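Each chain, written out:
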Amino acid sequence: MSQAPIEERPAAPADPGWRIEHLPLLSAVSMALLLCAASAGFLTGGPEHALGAAAGVLIVTISYTMSTLVIAWADTVRPALLMPLGMLTYVVKYSLLGVILAIGVNIAWPGWTALGWGIVAAVVVWTGVQAWWVHRRVVR
């Protein structure tokens, strides 16, 4: 019986940091957005709205950062893990968000609408800044 050849893994890049080099900029933009969202929430509805808007931005920031880190880690360890771990990350994130929203729908808190707007703003801003970052990197 002949032995099947052992799969050879390609060598890891010399500098794997390129996978997460956009995180400092995105984190800074997200924190600036968090302050703006909290200020807008406070001016339009008081402290509850400020907390809701800030929480919405924070949820998206943590969620997107977690996805980026999991995908970057999987790519450095074994690129074949990218799709399964990426999908698992999204399933866990959105399941958790669904559970939180399902529980929260029964809570009469004035900050829910502001939380929703914070999530929308953070998704649009994060996606836009990341698209700009990728475009800038490709042009380089």
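Up top is the structure these notes are about.
Residues numbered from 1 in each chain as written. Predicted model: local features only at pLDDT ≥ 70, side-chain atom pairs only at ≥ 80, totals over all residues. Heavy atoms only, no water.

*Asks:* Please set out the overall build of the protein chain residue by residue, giving values where relevant.
*Replies:* What the protein chain contains, in helices and strands, is four helices and zero strands. When its helices and strands are written in sequence order, the protein chain yields α-α-α-α. Scored against the burial criterion, the 140 residues of the protein chain give a buried share of 29%. Counting contacts in the protein chain only where the partners sit at least 6 residues apart, residues at least 24 apart contribute 73% of the total. For the protein chain, the exposed area adds up to about 9300 Å²; of that, 75% sits on carbon and sulfur atoms. (Helix = DSSP H or I, 4+ residues; strand = E, 2+ residues; numbered from the N terminus. Buried < 20%, exposed > 50% of the residue type's maximum accessible area, 1.4 Å probe, protein only. Contact = heavy atoms within 4.5 Å. Areas by Shrake-Rupley, 256 points an atom, 1.4 Å probe, with all protein chains shown as cover.)

*Asks:* With reference to specific residues and values, describe the packing of aromatic side chains.
*Replies:* Per the counting criterion, the structure on display carries three aromatic pairs. For the pair Tyr90 and Tyr94, a centre-to-centre distance of 6.4 Å together with 15° between the ring planes defines the contact as stacked. With Tyr90 and Tyr94 both in helix H3 (residues 82-104) and four residues apart, this pair spans about one turn of that helix. Using a relative accessible area of 35% as the deciding quantity, one classes Tyr90 as partly exposed. The exposure class of Tyr94 is partly exposed, given its relative accessible area of 48%. Note on Trp109 and Trp112: the rings are 5.8 Å apart at their centroids and 85° apart in plane angle, and the pair reads as edge-to-face. For Trp109, a relative accessible area of 26% gives the class partly exposed. (Phe/Tyr/Trp six-rings, centres within 6.5 Å; stacked < 30°, edge-to-face > 60°.)

*Asks:* Requested: an account of the pattern of salt bridges, with residues and values cited.
*Replies:* Counting across every chain of the model gives two salt bridges. Between Arg19 and Asp75 there is a salt bridge, with its nearest N and O atoms 2.6 Å apart. With a gap of 56 residues between them, Arg19 in the segment before helix H1 (23-45) and Asp75 in helix H2 (residues 47-77) connect regions that are remote in the sequence. With a closest N to O distance of 2.5 Å, Arg137 and Glu21 form a salt bridge. Note that Arg137 is positioned in helix H4 (residues 112-139) and Glu21 in the segment before H1, a separation of 116 residues in sequence. On the basis of relative accessibility, which here comes to 34%, the residue Arg137 falls in the partly exposed class. Judged by its relative accessible area of 31%, Glu21 falls in the partly exposed class. (Salt bridge = Lys/Arg side-chain N within 4 Å of Asp/Glu carboxyl O.)

*Asks:* Before we move on, could you go through a nonpolar patch on the surface and cite the residues and values that matter?
*Replies:* Taken together, the side chains of Ile71, Met83, Met87, Tyr90 and Tyr94 define a hydrophobic patch exposed on the protein surface, amounting to about 520 Å² of accessible area. Take the nonpolar patch: its biggest share by element is four residues, from H3. Mapped onto the fold, Met83 is located in helix H3. Looking at Met83, the relative accessible area reads 60%, which means it is exposed. (Patch = residues over 30% accessible without salt bridge, like charges linked within 9 Å, V, L, I, M, F, W, Y side chains within 5 Å.)

*Asks:* Just give me the short version of the nonpolar core, but keep the residues and values in it.
*Replies:* In this structure, Val57, Val60, Ala122 and Trp126 are the most contacted members of the largest nonpolar core, which totals 17 residues. Only H1, H2 and H4 provide two or more residues apiece to this core. Aside from chain neighbours lying at most four places away, what touches Ala122 is Leu33, Val57 and Val60. (Core = buried A, V, L, I, M, F, W, Y, C linked by side-chain atoms within 4.5 Å.)

*Asks:* Help me get a handle on the packing of H1 against H4, residues and values and all.
*Replies:* It is the contact of H1 with H4, at a shortest axis distance of 10 Å, that shows an interaxial angle of 150°. By the criterion of interaxial angle, the relationship of H1 to H4 is roughly antiparallel. Note on packing geometry: the crossing formed by H1 with H4 is right-handed. On H4, the residues that touch Leu23, Leu25, Leu26, Val29, Ser30 and Leu33 of H1 are Ala121, Ala122, Val125, Trp126, Val129, Gln130, Trp132 and Trp133. The class makeup of the residues in the contact of H1 with H4 is 12 nonpolar, two polar and no charged. (Axes fitted to C-alpha atoms, helices over the stretch in contact; angles between N-to-C directions. Parallel < 35°, antiparallel > 145°, perpendicular 65-115°, else oblique. Left-handed = near helix turned anticlockwise from the far one by under 90°. Nonpolar A, V, L, I, M, F, W, Y, C, P; charged D, E, K, R; others polar.)

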